[in-house]
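Next come the chains, spelled out residue by residue.
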Amino acid sequence: MSETRLREEICRYGRSLFERGLTPGSSGNISMKLDDGGWLVTPTNASLGFLDPARISRLDAGGRLVSGDKPTKEIPLHSALYETRGSARAIVHLHSTHAVALTMLPEIDPQAALPPMTPYYLMRAGETALVPYYRPGDPAVADAIRGLAGKYSSVLLSNHGPVVAGDSLEAAVFATEELEETAKLYLLLRNLNPRYLSSQQVADLAKTFSLDLPSLGDHEGHDHG
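Quick notes on the rules
Residues numbered from 1 in each chain as written. Predicted model: local features only at pLDDT ≥ 70, side-chain atom pairs only at ≥ 80, totals over all residues. Heavy atoms only, no water. Helix = DSSP H or I, 4+ residues; strand = E, 2+ residues; numbered from the N terminus. Buried < 20%, exposed > 50% of the residue type's maximum accessible area, 1.4 Å probe, protein only. Phe/Tyr/Trp six-rings, centres within 6.5 Å; stacked < 30°, edge-to-face > 60°. Pairing = 2+ DSSP bridges. Axes fitted to C-alpha atoms, helices over the stretch in contact; angles between N-to-C directions. Right-handed = clockwise from strand over helix to strand, strands pointing away. Contact = heavy atoms within 4.5 Å. Salt bridge = Lys/Arg side-chain N within 4 Å of Asp/Glu carboxyl O.

1. Thoughts on unusual backbone geometry
One can expect most non-glycine residues to show negative phi and most peptide bonds to be in trans. Although it is not a glycine, Asn-193 sits at a positive phi angle of roughly 55°. In this structure, Asn-193 sits in the loop between α6 (169-189) and α7 (199-209). Here Asn-193 falls in the exposed class, since its relative accessible area comes to 73%. Backbone geometry at Ser-210 places phi at a positive 55°, although glycine is not the residue there. By relative accessible area, Ser-210 is classed as exposed at 65%.

2. Here's the deal with the packing of aromatic side chains
Where two aromatic rings form a pair, the distance of their centres and the angle of their planes describe that pair. All told, the structure shown has two aromatic pairs when counted by the stated rule. On the basis of an interplanar angle of 70° and a centroid distance of 5.5 Å, the ring pair of Phe-18 and Phe-50 is categorised as edge-to-face. Of the two residues, Phe-18 is situated in helix α1 (residues 3-19) and Phe-50 in the loop between β2 (39-41) and β3 (57-59); the sequence distance between them amounts to 32 residues. By relative accessible area, which is 24% here, Phe-18 ends up partly exposed. Assessed through its relative accessible area of 62%, Phe-50 is described here as exposed.

3. Looking at the sheet that holds β3
Spatially, eight strands are ordered β4-β3-β2-β1-β5-β8-β7-β6 in an open sheet, and the strand pairing comes out mixed. Of all the strands in the sheet, just β4 (65-67) and β6 (128-131) have a single pairing partner and so form its edges. If you compare each strand with its neighbour and ignore which way they point, the axes differ by 25° on average. The sheet contact formed by β3 and β4 spans two bridges and is antiparallel. Within β4, the position partnered with Leu-59 by the bridge is Leu-65.

4. Observations concerning the pairing of strand β7 (residues 154-157)
Burial along β7 is two-sided: the face carrying Ser-154 and Leu-156 and the face carrying Val-155 and Leu-157 are both buried. Here β6 pairs with β7 via four bridges, running parallel. Pairing of Val-131 across the sheet is with Leu-157, part of β7. At this point the chain moves from β6, through helix α5 (residues 140-146), to the parallel β7, and the crossover so formed is right-handed. Strand direction decides the pairing type here: β7 and strand β8 (residues 161-166), joined by four bridges, are antiparallel. Residue pairing for β8: Ser-154 is matched across the bridge by Val-164.

5. Here we look at the environment of Ala-112
Mapped onto the secondary structure, Ala-112 falls in the loop between α3 (97-103) and α4 (119-125). With a relative accessible area of 4%, Ala-112 lands in the buried category. Separated by 102 residues in the primary sequence, Ala-112 and Pro-214 have C-alpha atoms spaced 8.9 Å apart.

6. Section: the environment of Ala-46
Mapped onto the secondary structure, Ala-46 falls in the loop between β2 and β3. Put simply, Ala-46 and Ile-56 are 10 residues apart on the chain and 9.6 Å apart in space, counted from C-alpha to C-alpha. Beyond its immediate stretch of four places on either side in the chain, Ala-46 contacts Ser-26 and Leu-51.

7. Let's talk about the pairing of strand β5 (residues 90-93)
Side-chain alternation along β5 places Ala-90 and Val-92 on one buried face and Ile-91 and His-93 on a second face that is also buried. For strand β1 (residues 29-33) and β5, the ladder comprises four bridges, and the chain directions are antiparallel. Its bridge partner being in β5, Met-32 is matched across the sheet by Ala-90. Note that β5 and β8 share four bridges and pair antiparallel. Across the sheet, the residue bridging to Val-92 is Val-164, located in β8.

8. Here's the deal with the pattern of salt bridges
Within this structure, the stated rule accounts for 12 salt bridges. Asp-69 is the salt-bridge partner of Arg-55, the closest N and O atoms lying 2.8 Å from each other. Residue Arg-55 is located in the loop between β2 and β3, and its partner Asp-69 is located in the loop between β4 and α2 (75-84); the two are separated by 14 residues in the primary sequence. Given a relative accessible area of 46%, Arg-55 falls into the partly exposed group. Using a relative accessible area of 24% as the deciding quantity, one classes Asp-69 as partly exposed. For Glu-178, the salt bridge identified is with Arg-124, shortest N-O distance 3.4 Å. Note that Glu-178 is positioned in helix α6 and Arg-124 in helix α4, a separation of 54 residues in sequence. According to the relative accessible area criterion, Glu-178 is buried, its value standing at 18%. Judged by relative accessible area, which is 40%, Arg-124 ranks as partly exposed.

The structure is reproduced here in structure tokens:
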């Protein structure tokens, strides 16, 4: 796909996310990896609902601005996820309401922020890690992401929002939407003793759809993953 098409795709998906209330105001950012190792990324203080393809920031492989507006201050976050997730070609970071709310609850497991509630959550978002709070743009968040060693494609930033990688922008957007809907389900059902997928059902999904789930490698049989 040409760079022109990629720029248009960022604008199209950004507007869709904004219009459905998934990231308000000028919050959130999107990036895409280019074949030459550089990236396209949304500018700082830009609303995802009103992006101009020509003003999308273009960075070289070293993260330096080549053209377009000044990029989002969340560059360290994107960079760390690309660095550790070799398959990542696009990253979406939002401030979606239910995902942010989830990060503030005391019982959340940092290695499995959400239990296995639906098959599509696992198939699209995989499992989700929760990292501690860092102020927006703090380079230390990159170290927290690197500490996950590329095991997770979806990560929640405490009191901030989700950051999700995909092998295409469409995949990253769909996974982010699935994460938000699953967080909403969790909040609706919290303290109601809902029935989650069993570890056997999770293992069956992983086998059938070739899912790389951290829990199956690190803590086999854990019913929250």
